[in-house]
Amino acid sequence: MARITLRQLLDHAAEHSYGVPAFNINNMEQGLAILEAAQACDAPVILQASRGARSYAGDIMLAKMMEALEAMFPAIPIVIHQDHGNTVATCLSAIQNGFTSVMMDGSLKEDAKTPADYAYNAGITGEVGRLAHMVGASVEGELGCLGSLETGEGEAEDGHGFEGALDHAMLLTDPDEAERFVAETGVDALAVALGTSHGAYKFSRKPTGDILAMEVIEKIHARLPNTHIVMHGSSSVPEEWQEVFNAHGGAMRETYGVPVEELVRGIRHGVRKINIDTDLRLAAAAEFRRVAQTSPSEFDPRKFLKPSMDAMASICRARFEAFGTAGQASKITPLPMSEMAKRYASGSLNPTPSLARAAA
Ligand code: G3H
Ligand code: 13P
Ligand code: ZN
């Protein structure tokens, strides 16, 4: 069994200068595709479940599926992470269900739509941090709101994210505030806003620095060299999968994601966790469409699902290789959450330099 915490994995990634894709999971096919790709290239894995995934599959099914994946792939260290937790209760119930890591997204209020102020965000994230660390689980926080610098709009595409327009300042994480937030909350990883958004429609053209503000990462990393940075909305929305999707009856308008080379650039500046959901959804759906259109008499779901799994696995493998995750699984000796809890309690995991300054 190799269930590990996000903190252990990201510390290893920082020490060895690599990044880890965090893939969203809702069902068995995604789980098998991700783990088969990981096993093929010896990569550690972050599996993350959104609140939507938890209600789609159910907590018992998700928990048992994670156990099954661990049993089938014992050599692969696996982090099980709550994506975009909106309340303390969501985060704690995830830990109760075997998650080793939670994201408390206090950038938005509980409705996951209304932008929250700094005090609310730092307060609730710090509270989750204190509780989660007592049992050794890791915590990711988010400062700044995900959304488009082209339009100022948040994305309602997958049902969460603010609605309407926000000004530039809220769409870009402020490095001063980031330093304060990390010191006040003790988060293990910090998600930042730099112009990415969830879903397929991120950019209307190949992004340049004015709409994908990579310099935010560079500035935050310079201030907080020991803080693990997280990039959300990091699907690349590959053109080749858009083509397969559209060639078989799909209707995806012209769109651009985050180029893999920008993600690799981020990794050079402290990005350790790279969130990817849309790419696997798109590739799986494109293969569904292809089979449906080219074999109209087919009605065995496995004939649709197997090509979808192969497509998802090929994207996972490509990201593991591009981010330097490949080859790292066998170098990690899993630490149980109880050991992580002792380390938090003794203060040996924190403080980062900024925490030390804040405490002094
Ligand atoms: O956070 C965004 C992920 O793509 C999860 O989306 O809430 O539709 O599962 P979801
Ligand atoms: P994408 O929609 O770009 O895949 O982002 C997923 C994500 O950030 C999940 O938290
Ligand atoms: Zn996200």
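Structure shown above.
Residues numbered from 1 in each chain as written. Chains lettered and ligands numbered in written order. Predicted model: local features only at pLDDT ≥ 70, side-chain atom pairs only at ≥ 80, totals over all residues. Heavy atoms only, no water.

Caption draft 1: How the structure looks around the overall build of the protein chain. The number of helices and strands found in the protein chain is 15 helices and nine strands. Computed over the C-alpha atoms, the radius of gyration of the protein chain is 19 Å, within 12% of the 21 Å expected from 2.2 N^0.38 for a compact globule of 360 residues. Principal axes of the C-alpha set define a box for the protein chain whose edges measure 70 × 45 × 35 Å. Taken across its 360 residues, the protein chain has 58% of its residues classed as buried. Of the contacts made within the protein chain by residues no fewer than 6 positions apart, 76% connect residues no fewer than 24 positions apart. With an accessible surface of roughly 14,200 Å², the protein chain has 55% of that area assigned to carbon and sulfur atoms. On the protein chain, the mean spot of the 31 positive side-chain charges and the mean spot of the 46 negative ones are 4 Å from each other. (Helix = DSSP H or I, 4+ residues; strand = E, 2+ residues; numbered from the N terminus. Rg over C-alpha atoms; globule rule 2.2 N^0.38 Å. Buried < 20%, exposed > 50% of the residue type's maximum accessible area, 1.4 Å probe, protein only. Contact = heavy atoms within 4.5 Å. Areas by Shrake-Rupley, 256 points an atom, 1.4 Å probe, with all protein chains shown as cover. Lys, Arg positive; Asp, Glu negative; His and termini not counted. Charge placed at Lys NZ, Arg CZ, Asp CG, Glu CD.)

Caption draft 2: Fine view of the coordination of the zinc ion (ligand 3). At 2.0 to 2.1 Å from the zinc ion (ligand 3) lie its protein donor atoms, namely His-84 (NE2), His-198 (NE2) and His-232 (ND1). Between the donor residues of the zinc ion (ligand 3), the gaps in sequence give the motif H-x113-H-x33-H. Of this pair, His-198 sits in the loop between strand S7 (189-192) and helix H9 (214-223) while His-232 sits in the loop between strand S8 (228-231) and helix H10 (239-247), and the two are 34 residues apart along the sequence. (Donors = N, O, S within 2.8 Å, 3.2 Å for Na, K, Ca; no water.)

Caption draft 3: The site of ligand 2, seen in detail. Neighbouring ligand 2 are 15 residues; Asp-83, Lys-202, Ser-235, Asp-277 and Thr-278 lie closest to it. Within the contact set of ligand 2, an oxygen atom lies 2.5 Å away from a side-chain nitrogen or oxygen of Lys-202. Of all the elements in the fold, those that place two or more residues in the shell around ligand 2 are strand S4 (78-85) and strand S9 (271-276). Residue classes in the shell around ligand 2 are distributed as one nonpolar, eleven polar and three charged. (Near = heavy atom within 4 Å. Polar contact = N/O pair within 3.5 Å; in protein donor to acceptor, adjacent residues only side chain to side chain. Nonpolar A, V, L, I, M, F, W, Y, C, P; charged D, E, K, R; others polar.)

Caption draft 4: Structural view of the nonpolar core. Leu-35, Val-45, Leu-47, Leu-194 and Phe-320 are the most contacted members of the largest nonpolar core, which has 87 residues in total. If you tally residues by element for this core, the top one is helix H13 (residues 301-323), at eight residues. Other than its neighbours up to four places away in sequence, Leu-194 contacts Leu-149, Leu-171, Leu-172, Ile-211, Leu-212, Ala-213, Met-214, Val-216, Ile-217 and Met-231. (Core = buried A, V, L, I, M, F, W, Y, C linked by side-chain atoms within 4.5 Å.)

Caption draft 5: The arrangement of the pairing of strand S2 (residues 20-24) in detail. Of all the five residues making up S2, five are buried; the element is thus mostly covered by neighbouring parts of the structure. Examined bridge by bridge, S2 and S9 share four bridges and lie parallel to one another. Of the residues in S9, the one forming a bridge with Phe-23 is Ile-276. Pairing analysis gives three bridges linking S2 to strand S3 (residues 45-49), with the strands arranged parallel. Paired with Ala-22 across the bridge in S3 is Ile-46. Following the chain from S2 across helix H2 (residues 28-41) to the adjacent parallel S3, one finds a crossover that is right-handed. (Pairing = 2+ DSSP bridges. Right-handed = clockwise from strand over helix to strand, strands pointing away.)

Caption draft 6: Fine view of the pairing of strand S5 (residues 101-104). Burial along S5 is two-sided: Ser-101 and Met-103 and Val-102 and Met-104, pointing in opposite directions, are all buried. With three bridges joining them, S4 and S5 adopt parallel strand pairing. What sits directly across from Gln-82, in S5, is Val-102. Judged from the four bridges that link them, S5 and strand S6 (residues 138-143) form a sheet pairing that is parallel. Considered in S6, the bridge of Val-102 is made with Val-139. With helix H6 (residues 118-134) bridging S5 and its parallel neighbour S6, the resulting β-α-β unit is right-handed.

Caption draft 7: Spatial organisation of the side chain of His-81. Structurally, the position occupied by His-81 is in strand S4. At 2.7 Å, the side chain of His-81 forms a polar contact with the side chain of Ser-101. Beyond its immediate sequence surroundings of up to four residues, His-81 is in contact with Leu-6, Ile-46, Leu-47, Gln-48, Ala-49, Phe-99, Ser-101, Val-102, Met-103, Glu-140 and Lys-273.

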